[in-house]
Amino acid sequence: MSHYHPLTEQEAIEVARGIAGVFGPEGELGCREIGDGNLNLVFHVSQASTGAGLIVKQALPYAKVVGESWPLSLDRARIESEALGIEARLAPGLVPKVYHSDNELALTVMEDLSSHVIMRQGLIDGGVYPLFAGHISDFLAGTLFFTSDLGMNQQEKKTLTRSFVNPDLCKITEDLIFDHPYTNADTNSFDSHLRPDAERLWADGELHLEVALLREKFLTHAQALLHGDLHTGSIFVTEQSTKVIDPEFAYFGPMGFDIGAIIANLLLHYAAQEHWSADAASRKERRQYLIGTIRDIWNGFERKFRALWNERGVDRIAKTAGYQDDYMRRLLQDTAGFAGAKAVRRIVGLAHVADIDKIPDASARAKAQRLALAIGTALIKRNRRISSVEEIIEIADSASRE
Ligand code: SR1
Ligand code: MG
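Bear in mind that the values here come from a model prediction, so they are computed numbers and not experimental data.

(A) Spatial organisation of the sheet that holds strand β6 (residues 98-102). Ordered by their spatial adjacency, five strands build an open sheet running β1-β2-β3-β7-β6, and the pairing between neighbours is antiparallel. Edge positions in the open sheet fall to β1 (30-33) and β6, since each of these has one partner strand only. Taken over all neighbouring pairs, the strand axes of this sheet differ in orientation by 20° on average, direction set aside. Set on the sheet, helix α1 (residues 9-17) makes contact with β1, β2 (40-47), β3 (52-59) and β7 (107-111); between it and β1 the angle comes to about 120°. In this fold helix α2 (residues 75-90) packs onto β2, β3, β6 and β7, with an angle of close to 30° to the strand it touches most, β7.

(B) Highlighting the site of ligand 1. Neighbouring ligand 1 are the residues N38, L39, V65, I172, L176, D229, H231, F249, R345, R346 and A351. In the model, an oxygen atom of ligand 1 is placed 3.2 Å from a nitrogen or oxygen of the R346 side chain. Looking at the shell around ligand 1, the elements with two or more residues in it are α6 (167-176) and α11 (323-348). Class assignment for the residues of the shell around ligand 1 results in six nonpolar, two polar and three charged.

(C) Representation of helix α9 (residues 256-276) within the structure. In this model α9 runs 29 Å from its N-terminal to its C-terminal C-alpha over 21 residues, within 8% of the 30 Å that 1.5 Å per residue would give. The principal kink in α9, of about 25°, is found at Y270. When you tally the buried positions in α9, you get 19 out of 21 residues, the bulk of the element.

(D) Representation of the nonpolar core. L140, F301 and F305 are the most contacted members of the largest nonpolar core, which has 101 residues in total. Among all residues touching F301, those that are not within four sequence positions of it are S137, L140, A141, L144, I259, D296, M328 and L331. Within the second largest apolar cluster, 24 residues are counted, among which are Y4, F23, A59 and A106.

(E) Here's a closer look at unusual backbone geometry. Phi is positive for A106, close to 55°, though the residue is something other than glycine. With a phi close to 70°, D246 is a non-glycine residue in the positive phi region.

(F) The UniProt feature "binding site: ATP" (unreviewed entry) in the protein, seen in detail. Within the UniProt annotation, "binding site: ATP" (unreviewed entry) is assigned to N40, K57, E111, D112, L113, D246, P247 and E248. The partly exposed category is assigned to E111, whose relative accessible area is 23%. There is a polar contact of 2.8 Å between the side chain of E111 and the backbone nitrogen of K97. Along the polypeptide, E248 turns up in the loop between β11 (242-244) and β12 (251-253).

(G) Local environment of the UniProt feature "binding site: substrate" (unreviewed entry) in the protein. This chain's UniProt record puts "binding site: substrate" (unreviewed entry) on D229 and R345. The greatest C-alpha distance among the residues just named is 12.9 Å, despite their covering 117 residues of sequence, which places them together in space. Assignment of secondary structure puts D229 in the loop between β9 (224-226) and β10 (235-237). What makes D229 buried here is its relative accessible area of 13%. Each residue touching D229, except ones within four places of it in the same chain, is listed here: S234, F249, D258, K342 and R346. When sequence neighbours within four positions are dropped, the list of residues in contact with R345 reads L176, I177, P181, L350 and A351.

(H) Representation of the pattern of salt bridges in the model. Applying the stated criterion across every chain, the model contains 27 salt bridges. The partner of E206 in a salt bridge is K381, with the nearest N and O atoms 3.8 Å apart. You can see E206 sitting in helix α8 (residues 205-220) and its partner K381 sitting in helix α13 (residues 362-382), a full 175 residues away along the chain. The class of E206 is partly exposed, set by a relative accessible area of 47%. Here R401 makes a salt bridge to E394, at a shortest N to O gap of 2.9 Å. The exposure class assigned to R401 is exposed, which follows from its relative accessible area of 58%. Look at the salt bridges and you will find they share partners, linking K57, R76, E80, D246 and E248 into a network.

(I) Inspection of the environment of T232 at higher detail. Note that T232 resides in the loop between β9 and β10. On the basis of relative accessible area, T232 is assigned to the buried category, the value being 0%. In this structure the C-alpha to C-alpha distance between T232 and E87, which are 145 residues apart in sequence, comes to 17 Å. Discounting chain neighbours no more than four positions away, the residues touching T232 are I118, M119, R120, L123, I262 and N265.

(J) View of the sheet that holds β11. If you walk across this open sheet you meet the three strands as β8-β10-β11, and the pairing is antiparallel. The strands lining the two open edges of the sheet, one partner per strand, are β8 (117-118) and β11. Strand direction decides the pairing type here: β8 and β10, joined by two bridges, are antiparallel. By the bridge assignment, I118 is partnered in β10 with F236. Against the sheet, helix α4 (residues 132-146) engages β10 and β11, with an angle of about 35° to β11.

The rules behind each value
- Residues numbered from 1 in each chain as written.
- Chains lettered and ligands numbered in written order.
- Predicted model: local features only at pLDDT ≥ 70, side-chain atom pairs only at ≥ 80, totals over all residues.
- Heavy atoms only, no water.
- Pairing = 2+ DSSP bridges.
- Helix = DSSP H or I, 4+ residues; strand = E, 2+ residues; numbered from the N terminus.
- Axes fitted to C-alpha atoms, helices over the stretch in contact; angles between N-to-C directions.
- Contact = heavy atoms within 4.5 Å.
- Near = heavy atom within 4 Å.
- Polar contact = N/O pair within 3.5 Å; in protein donor to acceptor, adjacent residues only side chain to side chain.
- Nonpolar A, V, L, I, M, F, W, Y, C, P; charged D, E, K, R; others polar.
- Expected span 1.5 Å × (residues − 1).
- Bend = angle between axes of the 7 residues up to and from the residue.
- Buried < 20%, exposed > 50% of the residue type's maximum accessible area, 1.4 Å probe, protein only.
- Core = buried A, V, L, I, M, F, W, Y, C linked by side-chain atoms within 4.5 Å.
- UniProt positions renumbered as here; feature names shortened; annotations may be inferred.
- Salt bridge = Lys/Arg side-chain N within 4 Å of Asp/Glu carboxyl O.

This is the structure:
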């Protein structure tokens, strides 16, 4: 019989105390449930006398943001800890250390990253992360290349896909990103001033065709093991360090979905500068920083991914002249399309982002929301014609000038 139950803070302390070599022999352990995400319990267990800490993350059998009416498989905790193990191997230093996992209790005990800040909040507070583009492009190139048919034995890849069949979490994405924002769904949530904008989305056949094509890729294109939810709330940063957390949405899907997710969240923050920058000059400067980061992420990713392909590729036929260029062009196009879909869902769909929702002034918030929608819909509509990251940047810059 399963002994699953949601842990109390006291039980989380007991779990953490069982991890050898973290806490000192004396000194009380304290615990706080700090989960502010949509799905899980997150306990921070710490020892004031030594400053040591651990995170105990536990999946709930339903989506916390909605309640028990939305059941979710606990298997996502296993998927998360196995994905963290693979990412640690393929992108060393870029994920938290995992100390222990318990599939029955659906929990993972991992490194305390209190010295870092969640990137979304860091950006809202005006932070600048000069090493981030290099780190995240390492993460993307390493994890995506070595779990694809280009960088991994193709039969072993097929076997590995079995461990990452993730129907409940994929269904969240299929509904909340590739369906509900484009119809009058009950799950949608938006400020009343955005109703005309939402109604335009619901009636835009050209947009729906592109979303249908992107959705098909998400449903069928098992290209590589994805993180699956790579937004700025899934990344801890300092100026020197980047740690990607929370791969519970991991599954074998289209690579552009992960790259697009991070670009979308930088673009949402770009749109949010309608409020967070004090004046036009600082808005321009901040946007240039964000755009520069997007450029560096794509260019860094492309350079590293091509180098891995050339130096570590396992597939003879993939070395055919012209194939790599064609693959990278399609990958950039997917990245643009998925970035657009990820931006749109954060404005009209169920789950939003603090960068925009926390703008207190309704008119600045509306401006930011409309800018995000303009960028998102343009990226979706143009994705199959994009041939350079500069075109993604130009879409953002020209929308902000209108
Ligand atoms: C019901 S979960 C809503 C969203 O939170 C997660 O972070 C994913 O982005 C998901 O779509
Ligand atoms: Mg998450």
